Amino acid sequence: MTAPASDRYNAHMPVCVACGAENKADAAACTRCGAPLGDAPPADDDTLILRLLGAEPQQAVGPRRARIWLLDPSGQQVDRALDLAAEATIIGRRDDCTIVLPSNTVSRRHAEIRRDGERWLLSDLGSTNGTLLNGEPVIGAEPLADRDEIGVGIYRLIFRLT
């Protein structure tokens, strides 16, 4: 079954690494917090993760909201963000996946993020290259925590729970 266009994760909307707000594609600064968007100086992986996750998590009022941040191919900033509203989110290269990652390093149906009550679980769906959670292979259903890094082929995704 193909995901409805409104639920698919394929629009380019820069996401502020300071506050997580989505911004218009041509915005130079975040509309919520004013942090600069766009070109950033090159950063190694450790610097990038510290910059992305250095801000204190926002304290949520009411139910917690789960999101996925997809890092841009250069690894400089968050390229796209997706609210995880459905019970299950499929990550893969097929067009009917919720999160489509177009690369031959990604299996057609690579991984799944599933809500289990108040928890979120990550599972590999028998992918060729496997799925990583914080650099370690995913075996079975692994619980996700805020700021976990998910590796799917050449892509890095950050799980946020606010």
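See above for the structure.
One structure accompanies this document, and this report is about it. (Residues numbered from 1 in each chain as written. Predicted model: local features only at pLDDT ≥ 70, side-chain atom pairs only at ≥ 80, totals over all residues. Heavy atoms only, no water.)

**Side note on the side chain of Ser-127**
Then, number 1: Relative to the elements of secondary structure, Ser-127 occurs in the loop between strand 6 (119–124) and strand 7 (131–133).
Then, number 2: Residue Ser-127 is classed as buried on the basis of its relative accessible area of 11%.
Then, number 3: At a separation of 3.3 Å, a polar atom in the side chain of Ser-127 contacts the side chain of His-110.
Then, number 4: Within the local environment of Ser-127, its side chain forms a polar contact with the side chain of Asp-124, the two groups lying 2.5 Å apart.
Then, number 5: Apart from residues no more than four positions distant in its own chain, Ser-127 is found in contact with Ser-107 and His-110. (Helix = DSSP H or I, 4+ residues; strand = E, 2+ residues; numbered from the N terminus. Buried < 20%, exposed > 50% of the residue type's maximum accessible area, 1.4 Å probe, protein only. Polar contact = N/O pair within 3.5 Å; in protein donor to acceptor, adjacent residues only side chain to side chain. Contact = heavy atoms within 4.5 Å.)

**With respect to the pairing of strand 11 (residues 155–161)**
Then, number 1: Summarising burial for strand 11: 7 of the 7 residues are buried, a large majority.
Then, number 2: Going residue by residue along strand 11, you find Tyr-155, Leu-157, Phe-159 and Leu-161 tucked away on one face and Arg-156, Ile-158 and Arg-160 tucked away on the opposite face as well.
Then, number 3: Alignment of strand 1 (residues 66–71) against strand 11, held across 5 bridges, turns out to be antiparallel. Paired with Ala-66 across the bridge in strand 11 is Leu-161.
Then, number 4: In this sheet, strand 11 lies alongside strand 10 (residues 148–152) in antiparallel orientation, the contact comprising 5 bridges. From the neighbouring strand, Asp-148 faces strand 11, where its bridge partner is Phe-159. (Pairing = 2+ DSSP bridges.)

**Section: the environment of Arg-156**
Then, number 1: Here Arg-156 shows up in strand 11.
Then, number 2: Judged by its relative accessible area of 18%, Arg-156 is buried.
Then, number 3: Of the polar contacts made by the side chain of Arg-156, one reaches the side chain of Glu-149; its length is 3.3 Å.

**Quick word on the pairing of strand 6**
Successive residues of a regular strand alternate their side chains across the two faces of the sheet.
Then, number 1: Where strand 5 (residues 111–116) meets strand 6, 6 bridges bridge the pair, whose relative direction is antiparallel. Counted as the bridge partner of Ile-113 is Leu-122 from strand 6.
Then, number 2: Here strand 5 folds back onto strand 6, and the loop between the two strands holds 2 residues, one of which, Gly-117, carries a positive phi near 65°.
Then, number 3: Of the strand pairs in this sheet, strand 6 and strand 9 (residues 141–143) are connected by 3 bridges, and their pairing is antiparallel. For Ser-123, the partnering residue across the bridge sits in strand 9 and is Ala-141.

**As for the nonpolar core**
Then, number 1: Formed by 22 residues in total, the largest nonpolar core has its most connected members in Leu-101, Ile-113, Ile-150 and Phe-159.
Then, number 2: Every element with two or more residues in this core is listed here: strand 1, strand 5, strand 6, strand 10 and strand 11.
Then, number 3: Examining the composition of this core, we find that 4 residues originate from one element, strand 11, more than from any other.
Then, number 4: Setting aside residues up to four positions removed in sequence, Phe-159 forms contacts with Ala-66, Arg-67, Ile-68, Leu-84, Trp-120, Leu-144, Ala-145, Asp-146, Arg-147, Asp-148 and Ile-150.
Then, number 5: By size, the runner-up hydrophobic cluster in this structure holds 6 residues, among which are Val-15, Leu-71, Val-78 and Ile-158. (Core = buried A, V, L, I, M, F, W, Y, C linked by side-chain atoms within 4.5 Å.)

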